[in-house]
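# Summary of the model geometry
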Amino acid sequence: MTEEYESPPTDLITLTRHILSQQYALGETATGDLTMLLIGIQVTSKYIASNVRKARLINLVGLAGATNTTGDDQKKLDVLSNDIMVNALRASGKVAVMVSEEVEEAIIVKGDSGTYCVVFDPLDGSSNIDAGVNVGTIFGVYKVLPGSKGKVEDVLRPGKDMVAAGYTMYGSSCNLVLSTGNGVDGFTLDESLGEFILTHPAIKIPPRGKIYSFNEGNSLHFNPPTLKYLESIKYPANGKPYSARYIGSMVADVHRTLLYGGIFGYPDDKKSKDGKLRMLYEAFPMSFLTEQAGGLATTGTRRILDVTPKDIHGRCPLFLGSKEDVEDLMKCYAEYEGPKTW
Ligand code: AHM
Ligand code: MG
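Position numbers for residues count from 1 along each chain, tracking the sequence in the order it is written. Whichever chain is written first becomes A and whichever ligand is written first becomes 1, with later ones labelled in order. Given that this is a predicted model, residues contribute local features only at a pLDDT of at least 70 and side-chain atom pairs are listed and counted only at 80 or more, while totals for whole chains, interfaces and linings are drawn from all residues. Side-chain figures throughout are based on the complete set of non-hydrogen atoms in the structure, without hydrogens or water.

### What to know about the sheet that holds strand 10 (residues 195–200)
We count it as follows: We call two strands paired when DSSP finds no fewer than two bridges between them. Numbered from the N terminus, helices here are DSSP runs of H or I no shorter than four residues, and strands are runs of E no shorter than two. The contact criterion used is simple: two residues touch if any of their non-hydrogen atoms lie within 4.5 Å. Here an axis means a line fitted to C-alpha atoms, over the contact stretch when the element is a helix, while the angle between two N-to-C directions is reported on a 0 to 180 degree scale.
The eight strands are arranged 4-3-5-6-7-8-9-10 in an open sheet whose pairing can be described as mixed. Every other strand in the sheet has two partners, leaving strand 4 (107–108) and strand 10 as the edge strands with one partner each. Relative to strand 4, strand 3 (residues 95–100) is paired through two bridges, and the arrangement is antiparallel. Residue Met98 lies in a different strand from strand 4, and its bridge partner there is Ile107. Helix-sheet contacts for helix 2 (residues 33–54) involve strand 3, strand 5 (116–124), strand 6 (135–143), strand 7 (164–170), strand 8 (174–179), strand 9 (185–190) and strand 10, and the interaxial angle to strand 5 is about 10°. Most of the contacts of helix 6 (residues 279–292) go to strand 6, to which it runs at about 80°, and overall it touches strand 3, strand 5, strand 6, strand 7 and strand 8.

Written out as structure tokens, the structure reads:
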């Protein structure tokens with residue numbers, strides 16, 4: 001029997017080529033500014049990936065000796081990743097406002113050339129770093145309001161106003177997943193080429209999944225509709241319960257949800273009235289991607305992308321994933337007759 005020779009692909013679609021082709025599709029109306037910005041983010045992802053991979057070897061694990069805006073201990077890699085992002089975005093010349101999980105105030109960039117705002121969590125899930133478990137960068141992009149030269153109000157806007165969102169996952173492979181409002185595409189870093197290659201074109205979440213992803217250790221504090229939903233998938237009438245998968249790194253949990261389907265949730269509860277996840281740079285970008293992939297994202301009672309943030313580091317409950325799974329959860333909230341929390 002002769003084995004068929006399968007040659008390597010000869011027409012690789014790199015992330016740069018993909019972003020440029022989206023710009024060309026817009027014709028002369030496109031300025032190229034978003035292209036420059038996204039290419040800048042791509043470079044930061046490669047640099048952060050390289051540091052995450054070597055962290056144990058170059059003494060980058062452990063605490064930096066400071067806390068961030070929300071009182072969490074900052075890891076050395078949190079600080080480094082933040083500096084990499086801030087410097088690259090500032091240097092792109094296209095950014096007027098930045099909001100980072102690691103910086104208390106919005107960063108207003110001086111000069112007139114920036115027309116975009118980038119909100120980001122430079123290294124999410126950093127409690128997982130020292131164990132070598134997946135972590136990631138999450139980002140969302142707004143255009144400045146008409147006439148604005150860059151102020152905090154430019155980002156205190158609903159997530160539906162974002163023009164692009166994405167994340168990079170640093171795991172067994174490094175994956176960058178991006179939407180500019182025209183579907184979702186996933187790229188894998190080929191380290192030998194130093195390029196992100198299109199490996200997951202037009203990601204679509206299955207309409208129903210078989211996996212739920214919640215930190216059930218918080219069940220004691222969960223509100224009744226959350227508990228009712230969890231009961232319904234663990235003790236279903238059809239005798240086929242869902243599987244539990246929870247990494248505790250949102251980027252990895254959402255990445256799996258986008259590819260396999262199911263539901264990811266971080267609810268508000270009796271202890272944390274707004275949940276844990278930050279609206280602007282965690283919930284919004286992930287909800288934007290989920291909707292673009294055909295899924296849903298809700299607080300339980302409201303579409304996440306319709307919520308207007310009151311402050312840049314505010315939090316909100318979040319449930320996202322397969323359309324039918326999220327609809328089942330929303331039904332539990334709609335039927336609940338007790339006091340509404342969100
Ligand atoms: P971080 O921004 O401090 O890393 O926290 C966000 C992370 C998410 O990645 C993850 O979904 C969640 O916190 C896990 O929280 P918990 O440990 O409470 O389950
Ligand atoms: Mg985070």
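Back to the write-up after that little detour.
### Describing the sheet that holds strand 15 (residues 318–321)
The strand order 12-11-13-15-14 describes an open sheet built from five strands, whose pairing is mixed. Two strands in the sheet have a free side with no partner beyond their single neighbour: strand 12 (243–244) and strand 14 (296–298). The sheet strands contacting helix 5 (residues 250–260) are strand 11 (211–213), strand 13 (263–266) and strand 15, and the helix crosses strand 13 at an angle near 150°. Docked against the sheet, helix 7 (residues 323–335) engages strand 13, strand 14 and strand 15, running at close to 25° with respect to strand 14.

### Some thoughts on the coordination of the magnesium ion (ligand 2)
Spelled out, the test is: Each metal's donors are the N, O and S atoms within 2.8 Å of it, or within 3.2 Å when it is Na, K or Ca, and because water is not part of the set, sites may look incomplete. Under the scheme applied here, a residue whose accessible area is under 20% of the maximum for its type counts as buried, over 50% as exposed, and between as partly exposed, the area being computed with a 1.4 Å probe on protein chains only.
Bound to the magnesium ion (ligand 2) on the protein side are Glu101 (OE), Asp121 (OD), Asp124 (OD) and Glu282 (OE), at distances that span 1.8 to 2.5 Å. Along the chain, the residues donating to the magnesium ion (ligand 2) fall in the pattern E-x19-D-x2-D-x157-E. Here Asp121 matches Asp124 in class, with each residue buried.

### A short note on the site of ligand 1
For clarity, the cut-off: Being near a molecule or strand, for a residue, means having at least one of its heavy atoms within 4 Å of it. Definition of a polar contact: a pair of N or O atoms within 3.5 Å, with one able to donate and the other able to accept a hydrogen when the atoms are protein atoms, and with sequence-neighbouring residues admitted only if both atoms are side-chain atoms. Accessible surface is estimated by sampling points in the Shrake-Rupley manner with a 1.4 Å probe; for residues, cover comes only from the protein chains shown. Polarity classes work like this: nonpolar for Ala, Val, Leu, Ile, Met, Phe, Trp, Tyr, Cys and Pro, charged for Asp, Glu, Lys and Arg, and polar for all others, with Gly in that last group. Domain extents, as shown, originate in an automatic or database domain assignment.
Near ligand 1 there are 16 residues, and of these Asp124, Asn215, Tyr246, Met250 and Tyr266 occur at the shortest range. Asp121 has a polar side-chain atom sitting 3.4 Å from an oxygen atom of ligand 1. For ligand 1, an oxygen atom lies 3.5 Å from a polar atom in the backbone of Ser126. Out of a free accessible area of 470 Å², ligand 1 has 84% covered by protein chains. Of all the elements in the fold, those that place two or more residues in the shell around ligand 1 are strand 5 and strand 13. When the residues that make up the shell around ligand 1 are grouped by side-chain class, the tally is four nonpolar, five polar and seven charged. Both domain 1 (15–200) and domain 2 (211–335) contribute no fewer than three residues apiece to the shell around ligand 1.

### Comments concerning the packing of helix 4 (residues 224–234) against helix 7
What counts here: In what follows, roughly perpendicular refers to angles from 65 to 115 degrees, roughly parallel to angles under 35, roughly antiparallel to angles over 145, and oblique to any angle outside these ranges. Handedness of a crossing is defined here by the sense of rotation of the near helix relative to the far one, left-handed for an anticlockwise turn of less than a right angle and right-handed for a clockwise turn.
Packing of helix 4 against helix 7 brings their axes to within 8 Å, and their N-to-C directions diverge by 135°. Taken together, helix 4 and helix 7 sit at an angle that is classed as oblique. As for how helix 4 packs across helix 7, the hand of that crossing is right-handed. Between helix 4 and helix 7, the contacting residues are Pro225, Thr226, Lys228 and Tyr229 on the first element and Asp325, Asp328, Leu329, Cys332, Tyr333 and Glu335 on the second.

### Remarks on the side chain of Ser45
Within the secondary structure, Ser45 is located in helix 2. In contact with Ser45, not counting residues within four places along its chain, are Thr168, Tyr170, Leu176 and Phe196.

### Quick look at the domain arrangement of the chain
Applicable threshold: Buried area: the accessible area, evaluated with a 1.4 Å probe, that two parts lose upon being put together, summed over both parts. Any carboxyl oxygen of Asp or Glu within 4 Å of a side-chain nitrogen of Lys or Arg constitutes a salt bridge here.
Here the chain is described as being made up of domain 1 (15–200) and domain 2 (211–335). A C-alpha centroid distance of 23 Å is found between domain 1 and domain 2. The interface of domain 1 with domain 2 comprises 49 residues on the first partner and 31 residues on the second. Taking both partners together, domain 1 and domain 2 bury about 2800 Å²; carbon and sulfur atoms supply 67% of that area. The three residues of domain 1 that bury the most area against domain 2 are Ile138, Leu156 and Tyr167, which together make up 20% of that side's buried surface. Across the salt bridge formed by Asp306 and Lys160, the nearest N and O atoms sit 3.1 Å from each other. Counting the contacts that link domain 1 with domain 2 gives 12 residue pairs in polar contact (both at pLDDT 80 or more). Those elements that place two or more of their residues in the side of domain 1 that touches domain 2 are strand 3, strand 5, strand 6, strand 7 and strand 8. Broken down by element, the residue count for the side of domain 1 that touches domain 2 peaks at seven residues, all from strand 6. Looking at the side of domain 1 that touches domain 2, its residues break down into 23 nonpolar, 18 polar and eight charged.

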